[in-house]
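So the chains spell out like this:
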Amino acid sequence: MGLNIEENKKLVEEVLEAYPKKAKKDREKHFQINTEEAQSCGTCALKSNIKSRPGVMTPRGCSYAGSKGVVWGPIKDMVHISHGPIGCGQYSWGTRRNYANGTLGIDNFTAMQITSDFQETDIVFGGDKKLEVIMREITEMFPLAKGISVQSECPVGLIGDDIEAVSKKMAKELEMPIVPVRCEGFRGVSQSLGHHIANDAIRDFVLGKAELAETGPYDVNIIGDYNIGGDAWASRILLEEMGLRVIAQWSGDGTLNELEIAHKAKLNLIHCHRSMNYMVEHMEKAYDIPWMEYNFFGPSKTYESLRAIAARFDDTIQENCEKMIARHKPSMDAIINKYRPRLESKKVLLMIGGLRSRHTIGAYEDLGMDIVASGYEFAHKDDYEKTFPMMKEGTIIMDDPTAYELEELAQKLNVDLVGSGVKEKYVYHKMGVPFRQMHSWDYSGPYHGFDGFKVFAKDMDMTVNSPVWNLISKKEKAHKEGAGV
Ligand code: SF4
């Protein structure tokens, strides 16, 4: 389906018309309609990775969310201290579905809230002494914890605490790695700087600190897969079926040791480029490990990625890869034959974080669905450079879109499905628009790999074709009549 470039341009203009002059001028820079020129320009006009406007209901989170929530939190055998007042750790407690094997509270601490719970006295007199006490308590209460990370919340950097000195002292006393992370939420403009800070902390305090007993020619790392709903397991299984050996998963179901020995791999396979590109580039420079991006969403992208990965190895791996694809293809074709007729030409609007807004497109397209608009919360220019060529001409591409902009666009485009986060979900339900959470997989998943596509296709069909949408008033009607959307 071709999208109308001029119509969509007009539509975006109409949406932005509601803003005061200055806000409109600012928000205009965050929208672009995909054209042939935009696909090849390399440096597109769209502005990204800059401050959100105050008071517009941005979908963004903070640096702490990017470090503790995304990168460090999934490392299962370390205790991650949410250092500061109670809120940040409480709200991020167990909400991101980074699955991990192990026994919670014994050798797996992912879905726990460990916090220094700052009181006024800690703000006035500093929290360093308290932090020392907490670290000692952690080693007593959780003797199987292999290390500790200190995830700074806003006040820590504002009151002049020296968590680096505390970590150094206590690492010696407790004889374990203790990693101070300066991911206070006021740093940067979104989760994105938190990723970078977290990556640097891995580089400075953990990577290369242990050796791997045996190395082999097929050793690889999975980088930037957080195992949401078991995604990394559904990916790993394919790499191993092909004959590769995954020595580290960063960081879904990952361990401290996997962070320490990753420098021994022959190749870094990076799924989420946004959150971990800093590490693969560092490992390339410091350890001469090449890296490549891959995409395990939907069979077309998975076949393409598996072949590209196999091409980095010998004939044995390449033959294994072809045999494996031949084995899985009939079941993938059966899924497409079953669901495509039910989803063909359905219009989708996506707004996710820093990767999936482009990475999931192939999976939707395998089902015949059309992405009519896609946006990121915190992507950078290089992400948009990859996004434009993947999208059809006329697609609306948006950066840090506000709640108002998304709601207006979804209605004006009359979409059949919105894929975004939990903050958005219920608004669209009330508008009568089918919605899938594309962060948490709506408590389903995995969506990666061949196993994942089966779940993805079923979930999209279940949502788009649910009879429930016939029971509530049509969204256009509600909108036209201004009937409380
Ligand atoms: S902005 Fe500050 S207070 Fe808010 S979640 Fe992030 S670290 Fe916590």
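What you see is a predicted model, and the numbers here were worked out from it, not measured in a lab.

So, about the sheet that holds strand S6 (residues 219-225). Read across the sheet, four strands follow the order S7-S6-S8-S9 without closing on themselves; strand pairing throughout is parallel. Here the strands that pair on one side only, and so sit at the sheet edges, are strand S7 (245-251) and strand S9 (291-293). When strand polarity is set aside, the average angle formed by the axes of neighbouring strands in this sheet is 25°. Judged from the four bridges that link them, S6 and strand S8 (residues 267-270) form a sheet pairing that is parallel. Note that in S8 the partner of Asn221 across the bridge is Asn268.

Moving on to the pairing of strand S13 (residues 417-420). The side chains of a regular strand alternate, residue by residue, between the two faces of the sheet. Taking every second residue as pointing to the same face, both faces of S13 are buried, with Leu417 and Gly419 on one and Val418 and Ser420 on the other. Bridge analysis of strand S10 (residues 347-352) against S13 gives three bridges, and the strand direction is parallel. Within S13, the residue paired with Leu349 across the bridge is Val418. Strand direction decides the pairing type here: S13 and strand S14 (residues 435-437), joined by three bridges, are parallel. Bridge assignment links Ser420 to a residue of S14, and that residue is Gln437. For the crossover from S13 across helix H20 (residues 422-431) to S14, the handedness is right-handed.

Let's shift gears to the packing of aromatic side chains. Evaluation of the coordinates by the stated rule reveals 13 aromatic pairs. Geometrically, the ring pair formed by Tyr218 and Phe313 is edge-to-face, given 6.1 Å between the ring centres and 65° between the ring planes. Here Phe313 lies in the loop between helix H14 (299-310) and helix H15 (315-343) and Tyr218 lies in the loop between helix H10 (191-205) and S6, a separation of 95 residues in the sequence. The class of Tyr218 is partly exposed, set by a relative accessible area of 24%. With a centroid separation of 5.3 Å and an interplanar angle of 85°, the aromatic rings of Tyr447 and Phe456 are classed as edge-to-face. Take Tyr447 and Phe456: they sit in the same class, and that class is buried. Through successive ring pairs, a cluster of aromatic residues spans Phe297, Tyr364, Trp441, Tyr447, Phe453 and Phe456.

Strand order in the open sheet made by the six strands is S1-S12-S11-S10-S13-S14, with mixed pairing throughout. Every interior strand has two partners, whereas the edge strands, strand S1 (31-33) and S14, have only one. Averaged over all pairs of adjacent strands, the angle between their axes in this sheet comes to 15°, without regard to strand direction. Where S1 meets strand S12 (residues 396-399), three bridges bridge the pair, whose relative direction is antiparallel. Residue pairing across strands places Ile33 opposite Ile396, the latter belonging to S12. The sheet contacts of helix H18 (residues 381-390) involve S1, strand S11 (370-376) and S12, and relative to S12 the element is tilted by about 165°.

Turning to helix H13 (residues 273-287), its buried residues number three or more, namely His273, Arg274, Ser275, Met276, Asn277, Tyr278, Met279, Val280 and Met283. Directly beyond the C-terminal end of H13, a positive phi value near 65° is found at Asp288.

Looking now at unusual backbone geometry. Across the junction of Trp250 and Ser251, the peptide omega takes the value -5°, indicating a cis bond. Checked against the element boundaries, Ser251 lands in strand S7. Residues Gly445 and Pro446 are joined by a peptide bond in cis, for which omega reads 0°. Looking at the secondary structure, you find Pro446 in the loop between S14 and helix H21 (449-464). Even without being glycine, Asn49 reaches a positive phi, approximately 55°. Relative to the helices and strands, Asn49 is located in the loop between helix H3 (36-41) and helix H4 (63-72). Judged by relative accessible area, which is 31%, Asn49 ranks as partly exposed.

Here the focus is the nonpolar core. Residues Trp72, Met242, Trp250, Ile309 and Tyr364 are the most contacted members of the largest nonpolar core, which totals 91 residues. Of all the elements, H15 adds the most residues to this core, at nine residues. Among residues more than four places away in sequence, those in contact with Ile309 are Leu239, Met242, Leu244, Leu269, Met292, Tyr294 and Phe296. Within the second largest apolar cluster, 25 residues are counted, among which are Leu16, Ile396, Leu406 and Met431.

Calculation rules
- Residues numbered from 1 in each chain as written.
- Predicted model: local features only at pLDDT ≥ 70, side-chain atom pairs only at ≥ 80, totals over all residues.
- Heavy atoms only, no water.
- Pairing = 2+ DSSP bridges.
- Helix = DSSP H or I, 4+ residues; strand = E, 2+ residues; numbered from the N terminus.
- Axes fitted to C-alpha atoms, helices over the stretch in contact; angles between N-to-C directions.
- Buried < 20%, exposed > 50% of the residue type's maximum accessible area, 1.4 Å probe, protein only.
- Right-handed = clockwise from strand over helix to strand, strands pointing away.
- Phe/Tyr/Trp six-rings, centres within 6.5 Å; stacked < 30°, edge-to-face > 60°.
- Contact = heavy atoms within 4.5 Å.
- Core = buried A, V, L, I, M, F, W, Y, C linked by side-chain atoms within 4.5 Å.

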